[in-house]
Structure formats: C-alpha cells, structure tokens
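# Tertiary structure, described
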Amino acid sequence: MNPLDARLVEDAVVYPTIRVASHPGRLLMGVFDADGYVEDTVLDRRSGEVGAPMVRGLFPDVVEAEDPEAIYAGPLYFHFGHFLLESLARAWYARRHPDLPLVWAGAHTWHDARLRPWQLEILEVLGLTNPPRILASPTRYQRLHVPDLGYRYDDRFHPEHAAFLASYRGPAQVPGERLWLSRSNLDSDVRDLNAAPTERRLAAAGWTISHPETLTVREQLDHLSRAEVVAGEEGSAFHTIALLADVSSKRLRVLRRHGQEHNNMHTVGDARGVDQSFHSLRDEVVLEAKGRAVTKVSARSAEVLDLLDVAVPPAVAADEASPETALLLRVLEGLAPRRLLDLGATDAGLVLGSTAERRVAVSPAFAFDTRSHAGSGVDFLDLDTRTYVKHFVSARRRFDVIRVTGPDLVSVLTSFRASRRLATPTTTWLLGSGDLAARAAVAIGLNHPGYAVRRVVVRRTVVFAVHRVAGEPTSDDAVADLTDDEVARRTRRIPLALPRFVRSVARAGRGR
C-alpha cells in the first residue's frame, strides 16, 4: 500500500453538497480548478450513496474564501459513525499543518452551521487545532491541499490513517470488565425494541450498561479502555475503538442487525487487529428493514446471555409457594388445563407448579434468569403480551387457562384484551385475588360484554375468574353479524324508559 500523500490545487473552488432528482443515488459535490473537476474529491465509497462531480450550472455564484489557503476535508456528516470514518478520512494531514483551516463541504442549505460539541471533542482527542470551516456555498481558495483518503467506506483503512486516529490512551484495561453498548434509549427505532430485559439481566450479572449518546467522547473511550469484553447491537458505537491507542486484548461480541454485518465492522476491526465475532439471534422478529435501518424485537434474553457466556445462576428453591400462587394452583387442580399461559408474572411459581402439558410464561419483568429453569419444560419469553400475541404466536395456538397479572390495572386489562385472540370458547382467565384482581374483574365486567366474571372461593379467599358466555357476541363485528330476529329479540329486553324520564324529555323538546 502506497504512503498517504496530498496534492496542492491552485485557484480551487470547493462546492457544497446537494442531491437532485436527475442524479439519483448521487451526492453532487467536489473540487474544481481552472481545468475542471479535480479527481478524487467527491464522496468515495464501495457501497451505498456515492459522490459525483457537481453540475456546474447549479451554483453560478462563487464566493472568495477569507482564508487564502486551506485543507480539503471532504463531505461533512453529523452522524457519529459517518463523521468518524468519512468526514475525518483526510484529517490525518491536518495534524502536520495545524495553522491551516480544515474545510468541509456541507449541504448547500447549511448556512452558519457549526460542528457539534462531540465533533469538536473528537478533534481535541486527535490533537487537531485547525480552525474548522463548513461551506454551504461554492468557495474559492488560492491554494487548497487535497489529502488522500485514509478511509474508504466499506472497503479500506490505510495503516497511516489508522495510526493517526488511534490517539487516545485511557485508563488501564480491567480484567473481567464487561461493557454493553446499549441502543435502547436512542431516538430511533433502528434497534431491538425489546432490549430492556437483556440489559437488566446483564446488569445483574455485573456488566456495565453504557448509553454512548449520553456520554462525552472521552467518557465513551474510558469505558471502552477499561473493558475486556465489549458487546451490543451492531452500530457505529463500535467504531469508537478506532480512537483507542491499544485494543490488542479486547474482545468484541456484536449482535447483527439483520443478515450479514456491515463491512465497515470488518474494515475497522481488521485494521486494528481486534478480536471480534458476530452473532444472529434465532428468536427475533424483524418489524421493518430498509437497507441497514432495521427495527426488530427479540423474544428471549436467555439467547443473548448464552452467546456472551454469562453464567447461569442457580434456581432459587422456595420452601413453599407464595399464598397467591398456592390459591391459583388449587384452582388449576380443578380446571386441569392441558395448555396454560401465564401473562405478566414476575415469578415462575404458577407455571412450575402446574401439571399442564404445555406451559408458557410471558412477561417483560421476570425477576429471575429464565435459564435457571431450562429443564422445566416451560417456555419463557421476555415480552409484553401485545408483542407476544402480535408477533410470536401462531394462528393455531390456543390455551385452556390464561392467568393475567401485572404491575397495574392498565397492564392487566391490556393483557386481557390481547389474550382473547389466544382463547377457545371454553378458556378460563384467572385474575388472582386482592385489590388489583378485584378492580380488573370490575372493569372486565363493565367493559367487555360477552364475558362473565366469577368469584371462586379458595381457603376463604376470593379468586376472580373470567370466561366467555356461550352464544354472546364479544365484539362490534359479532353484533353486526347478528340476524334480524336475534336483534329484535335482544332489543325487546331493553327496559322501557321511566315515566319521569319521558316527561323530562318532552319538556326539553317544548322549550326549544
């Protein structure tokens, strides 16, 4: 590989970037001199959007730069990963000429744009003191230095540029320190929407859960520097290792978005010689995929924990079931279900104590590591009920008994409504005992015609249960399908208005 070099272009005009319909998939930009377009000054990539020389008539007016001489930096991005890899691809040259401005081609609409604080911090980490310039109009420089690309997107990382970026020496690596790079708080759906259970389990196992977007660049680098193992969903936060001086003993474990991981992961990781592996989850559903923008939902934290070699804690043996679980198990003895679904519980007492052939427990808030009961025959899913029903249940799956619980009334009622799709005409719902179950029973009785609420007395304690009323419609569509005779029969049951009510209506009509 040839050494990096730079060209000096006289009387150079730097154009901003623009996208036009006549050039789809092209970012128009570039540097021009008296002879025309200066080669290799547009966005250069192996994949994705690429650059093309500016159509000269788009910007007829050229302004003169305040600085007679500058360094061309290429296109500017405000996305973390693209800025680090592409907007700094020529910045290796700037350290040798600290007095020259570093000029980025901004979008033609970015008048008075400024670098973000995190971008300025990266420049500080790299020891760059060059004045930054962001151009939104064609700008002429008497002398423009055009460095070679140190990084080509999806393809090439020059050793000299890699050495330039590897500037940060943070705290010493801590043996056994494990870091999870979280995307769960991003203002974006390009992530696993159900990462919270996994992150809660990792935190309980001693992992540091980092939200890079909330940290300064140096704080991110310090986290990475201390970690021996770094894991998380595929994303640009992993590119930050390019700024670390020493990554030789680190291990990266990356969960793919969808399909093959992006080549940039290899371009950076291979150039730095880091030990990295990539993994796809079996139990996940992709909700939307547009290129690299993937929204998905994972179902089992256990799968991620196993991939990361997190130790399985021993199951906590309870001397006896909780009072609530003991009551419900007594009810289950009488119902004798073959298929049991437990929704919203934090413990596994009911499904572990049941003798049903098929037992499924669904909750986003299990208070235990589900792998501790791997041999129990219970299918544990770290999901809220609506997500489970919508994305993870086959059309044929039905349950004889469904227990519904949760932290509050809204969650219980939401689970009940969603779970009706999983019921047979004879399914029984168990709401449990106590105030929350009582309120849920009242709400269901008032708001869900076609369902009957019953009290079951067990050991002098009331357990609330729900079942469908045979022949009763349970939805607006079912009412719409009633025959005319059935509607007439049912309307005859509607009580007549009281005489007092009739008189008040009549008086109101006369007063208009």
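Before reading on, note that the structure itself is shown above.
Here goes a summary of the coordinates provided.

Scoring rules and cut-offs
Residues numbered from 1 in each chain as written. Predicted model: local features only at pLDDT ≥ 70, side-chain atom pairs only at ≥ 80, totals over all residues. Heavy atoms only, no water. Phe/Tyr/Trp six-rings, centres within 6.5 Å; stacked < 30°, edge-to-face > 60°. Helix = DSSP H or I, 4+ residues; strand = E, 2+ residues; numbered from the N terminus. Buried < 20%, exposed > 50% of the residue type's maximum accessible area, 1.4 Å probe, protein only. Lys NZ or Arg CZ within 6 Å of the ring centre and 35° of its normal. Pairing = 2+ DSSP bridges. Polar contact = N/O pair within 3.5 Å; in protein donor to acceptor, adjacent residues only side chain to side chain. Contact = heavy atoms within 4.5 Å.

Scanning the model with the defined rule gives 14 aromatic pairs in all. Taking the centre distance of 5.3 Å and the plane angle of 75° together, the rings of tyrosine 15 and phenylalanine 32 count as edge-to-face. Of this pair, tyrosine 15 sits in strand β1 (residues 6-18) while phenylalanine 32 is found in strand β2 (residues 26-33), placing the two residues 17 residues apart along the sequence. Ring geometry for phenylalanine 366 versus phenylalanine 380: centroids 5.7 Å apart, planes at 90°, classification edge-to-face. A residue pair is termed long-range when its members are at least 10 positions apart, and phenylalanine 366 in the loop between β20 (358-362) and β21 (379-381) and phenylalanine 380 in strand β21 qualify at 14 residues. The class of phenylalanine 366 is buried, set by a relative accessible area of 2%. Ring pairing ties together the aromatic residues Phe80, Phe83, Trp104 and Trp118, which thus form one cluster. Cation over ring: arginine 45 sits above tyrosine 153, and NZ or CZ is 4.4 Å from the ring centre.

Once that is clear, we can look at the pairing of strand β14 (residues 229-233). The two faces of a sheet get side chains in turn, since along a regular strand they alternate between them. Burial within β14 is extensive, with five of its five residues counted as buried. When strand β12 (residues 178-181) meets β14, the two strands line up parallel, connected through four bridges. Looking at the pairing, leucine 179 lines up with valine 230 of β14. Summarising the sheet, β14 and strand β15 (residues 251-255) pair through five bridges and their orientation is parallel.

Mapped onto the elements of the fold, threonine 427 is located in strand β23 (residues 423-432). Judged by its relative accessible area of 0%, threonine 427 is buried. Separated by 2.6 Å, the side chain of threonine 427 and the backbone oxygen of phenylalanine 399 make a polar contact. Within the structure, the side chain of threonine 427 is placed 2.7 Å from the backbone nitrogen of threonine 424, a separation counted as a polar contact. When sequence neighbours within four positions are dropped, the list of residues in contact with threonine 427 reads Phe399, Asp400, Ile402, Val466, His467 and Arg468.

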